[in-house]
Structure formats: C-alpha cells, structure tokens
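Tertiary structure, described
These are the residues of each chain, in order.
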Amino acid sequence: MTKTTGITWAEASARRHERQFLAMPARTGTPVADVAATMLGVHAQVLSAAELSLGLRTDGVTRADVREALWPTAPPAAPAPPPPPAPSSSLVKTHGPRGTVHLLPARDLPMWCAALPAIPDRTAGFPNGVRLTGEQTEQVVAAIADALDGAFLTIDELGEEVVARTGSWAGDLVMPAFQTMWPRWRQVLHRAGQCSALSFGPNRGRRVTYTRPPRFTPLPPEEASRLLVRRYLYAYGPATPQHFARWLAAPPGWAQARYAELAAAGEIEEVRFEGTPAWVVAGDTVFPDAAERDETARGVRLLPYFDAYVVAAQPRELLFPGAAYQRALAGGQAGNFPVLLVDGVVAGVWHQRRRGRRTTVTVEPLGRLTARQERELADCVERVGAVLEAAAELVIGEVTVGAHA
C-alpha cells in the first residue's frame, strides 16, 4: 500500500516495529551488529540494558553473545592490561548520539565518526577559566588517541597520559561532578569517542578501561550527515527535522538544513503524517495495511532503559498516550524507565532486580491486561531472563524505584 497522504500513527508504528525487529525477532544466527545497525546504535550507559535491547530482538542471543561481539579476545587476568580488540570485533562501545555511550557496529564508524563531530554543540559550555579552547580541545583529543593506541587504560591512567602529553592545565580539578571535582580534560571525553580517538574495553576487575578503536577512514562530513538522515528516516520515519534534532540533541536549524539539502537532491520526500508534514526516504512510501498492522504491532513487549525505539520514535505524545506520558517519561525525556508496550504504545513500566542467578521482573501496567496479554507478558519475562542468563520471575505490581534507578 503506497501512501504519501493520510499516513496514520498505526501505519507508521507497524512499519517501525517490523524494521526494528519488534514485530518478529531476527532469525537465529543473525549477527548482533546487523541488528544494532538497524536500530542506529544501542544505548549502553547500562550495559545490561544494551544486552536486552539486542537480545530481545534476536532469537537465541544472550548477553554473552553481545560481549563476544564487543570483545572477542578474552583479556588476561589483572593487573596485566588486555590486548587491543581483535579486528573481528563487530561492535564498538563508544560515545554515540547525544554524546551518550552506545554500542555501534564497527562497520558504521566511518559514518558516525564523521557525522557526529559535524553537529554544532548546543550546550552553553563551561565558564571561562574552566572551558577548553578549541586548540586545547584538539590537543586533548590527539593526546587521548595517542595514549590509547595499542593500550587499555583506566580513567586515571588515561588522565596521567593526557597531562603528560599536553600540560598541567589539562589536569586542573575544575569540573564539579558527583560531589567531587574532575580534571579539565574530561569535558571532551565524549568528543574523543565521537572522533574515533577512544572506545571502551572490557573491565579490568571492576574498573572501566578505554582503548582506541580499529583504524578506518571517516566519510566526508556532509556525506555522513546526509546518510545519517536517510538511515534515520528509513528506521523511524515519517519524521520531521525537529524529530531528528531531538533524537540527536542537535540544533533544530542544523537538522532543518540537512533535510533541505536532501529534499533538493530528491533523496527524501514529504508526506502527510497524522495531518502534518513529515518526511520519508524518497520512494519509501509503502505502509502495512490493516491486516498487516494487526500482525506486526499487536501484542505485548518489554523494552529496557533507553531502548532505541523508545527514544527515536516520534511523535512522543502518541507513543506515550494518556497516563503513560506522566508515568513513563521523566520531564518529557524518554528512556528513563523500562517500558511495557501493548499494541504498539507504552502501557506501563517495569524493573528487574537480580539476585545471583535469579531476577525478579516487576511490571506495572497502566491498565488491565487481558488473559492473553498476561500470557504474552510471561513469555516476555522468560525471554528477559534468557538474555541475561538468569531464571526470571514475573511480579505484576507497582514499580517503586525512580527514573533510571
């Protein structure tokens, strides 16, 4: 069914479910990097949430499979640092969209590491006397890349190397953070990740390590930015420039300019989505009919913290209808609560608490579930346990923890 007018939320939601492996998980044996690519990155500030985002979309995948894709070479015992990632690493843990930690397919780094640094910084920055100058930023990023080349370092070890390569000014404790002060150089840690100077390695005991990702040639920035728009629209369209800007935490004017360039080149086209103008990739105007919508979007699903679908799918007021907008968002920000999806919209929140080899999954529906939906929910909880390699118990009741607990 080809449409350029009158596209409804139900049609868009069903197509997004299909493309995001939410309607049907990817078949057994599908590389997790392929699934991460369709999602446009997997938020990984909490690694277990990223493992769930990928595992719930791929038959048979567990957290061990995700970690194998990240770090296929097992590190030696501490304190000896592990070797750099093998070229066979298909996922890289680094700073991605919005400057937050993501799992990105290694093959997509030429796009990400050209498109993300090209986005103008929306933040007001740090005050004079704290903020790095442009020249200092370049020095710090170069020092990080040099220090991590062929090495795995903790944050303190990396800081020592950065100061040795730049100057004492980089180590000045001027950044308030978590009831302490961080050194000046850390204000550009996310930029180092976005510029391919830094990625995460396997933990050394309980301590995070950093390394430098495999070398590659970034795409030209303009080409990378335009490719990112097309990839976003294919995964989450129809969408406006404002939706794209919100997803990336980018200036709306910058996003508008990227859309205008692609529209002028005939690479994207305008459609009517819920009565307002929006955009899709040129020619990508086939949406599921009513029978297909019932098959793809109908049913119960659990999505973890900051799942890509919850963050990227817009408009947010339709994804979080009614009481869900107040209960499952934190000041309008998506992802701070794991969510229960029922028939394509957020209909509750959940939380899992692990004890040894068991995990208790508490689900708080915002409405009454049918017997069929409760059976589907039990299946979802069983799958959560399988991904996390734990025996899972379902409890239906109030979630008492706060946002991002």
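Residues numbered from 1 in each chain as written. Predicted model: local features only at pLDDT ≥ 70, side-chain atom pairs only at ≥ 80, totals over all residues. Heavy atoms only, no water.

**Focus: the overall build of the protein chain**
For the protein chain, the count of helices and strands is 16 helices and 14 strands. A compact globule built from 405 residues should have a C-alpha radius of gyration of about 22 Å, and the protein chain, at 22 Å, falls within 12% of that. Along the longest, intermediate and shortest principal axes, the C-alpha atoms of the protein chain span 65 × 55 × 40 Å. Out of the 405 residues belonging to the protein chain, those deemed buried represent 52%. Pairs at least 24 apart in sequence give 65% of the contacts found in the protein chain among residues at least 6 apart. Carbon and sulfur atoms provide 52% of the accessible area of the protein chain, an area that totals close to 17700 Å². The distance from the centre of the 42 positive side-chain charges to the centre of the 41 negative ones in the protein chain is 4 Å. (Helix = DSSP H or I, 4+ residues; strand = E, 2+ residues; numbered from the N terminus. Rg over C-alpha atoms; globule rule 2.2 N^0.38 Å. Buried < 20%, exposed > 50% of the residue type's maximum accessible area, 1.4 Å probe, protein only. Contact = heavy atoms within 4.5 Å. Areas by Shrake-Rupley, 256 points an atom, 1.4 Å probe, with all protein chains shown as cover. Lys, Arg positive; Asp, Glu negative; His and termini not counted. Charge placed at Lys NZ, Arg CZ, Asp CG, Glu CD.)

**So, the pattern of salt bridges**
Counted according to the given criterion, the structure contains 19 salt bridges. Asp-146 is the salt-bridge partner of Arg-165, the closest N and O atoms lying 2.7 Å from each other. Of this pair, Arg-165 sits in helix α7 (residues 155-166) while Asp-146 is found in helix α6 (residues 134-148), placing the two residues 19 residues apart along the sequence. Asp-146 gets classed as partly exposed once you look at its relative accessible area, which sits at 44%. Ionic contacts of the salt-bridge type, sharing partners, join the residues Arg-15, Arg-19 and Asp-284 into one network. (Salt bridge = Lys/Arg side-chain N within 4 Å of Asp/Glu carboxyl O.)

**Notes on the packing of aromatic side chains**
Overall, the coordinates contain 10 aromatic pairs when judged by the stated rule. Centre to centre, the rings of Phe-244 and Trp-247 are 6.0 Å apart; their planes meet at 40°, and the pair counts as tilted. Here the residue Phe-244 and the residue Trp-247 both occupy positions in helix α10 (residues 241-248), the gap between them amounting to 3 residues, near one helical turn. Both residues of the pair, Phe-244 and Trp-247, count as buried. When the ring of Phe-244 is compared with that of Trp-254, the centres are 6.2 Å apart and the planes differ by 15°; the resulting orientation is stacked. With a gap of 10 residues between them, Phe-244 in helix α10 and Trp-254 in helix α11 (residues 252-264) connect regions that are remote in the sequence. (Phe/Tyr/Trp six-rings, centres within 6.5 Å; stacked < 30°, edge-to-face > 60°.)

**Here we look at helix α2 (residues 32-39)**
Across the 8 residues that make up α2, a large majority, 6, are buried. Residues Val-32, Ala-33, Val-35, Ala-36, Ala-37 and Met-39 constitute the buried set of α2. Positive backbone phi, approximately 60°, marks Leu-40, located one or two places after α2.

**Concerning the confidence of the model for the protein chain**
Mean pLDDT over the protein chain: 92, with 95% of residues reaching 70 or higher. Here residues 76-80 is modelled with pLDDT under 50, and outside its nearest four sequence neighbours on either side it reaches 5 contacts, counting other chains as well. (pLDDT = per-residue confidence, 0-100.)

**Observations regarding a negative patch on the surface**
Where like charges cluster on the molecular surface, the negative patch consists of Glu-18, Asp-289, Glu-292 and Glu-295. Note that Glu-295 resides in helix α12 (residues 290-296). The exposed category is assigned to Glu-295, whose relative accessible area is 62%. (Patch = residues over 30% accessible without salt bridge, like charges linked within 9 Å, V, L, I, M, F, W, Y side chains within 5 Å.)

**Regarding the sheet that holds strand β3 (residues 101-105)**
Strand order in the open sheet formed by 3 strands is β1-β3-β2, with antiparallel pairing between adjacent strands. Pairing within the sheet leaves two strands with one partner each, and these edge strands are β1 (42-43) and β2 (91-95). Judged from the 5 bridges that link them, β2 and β3 form a sheet pairing that is antiparallel. Counterpart to His-95 in the pairing with β3 is Val-101. (Pairing = 2+ DSSP bridges.)

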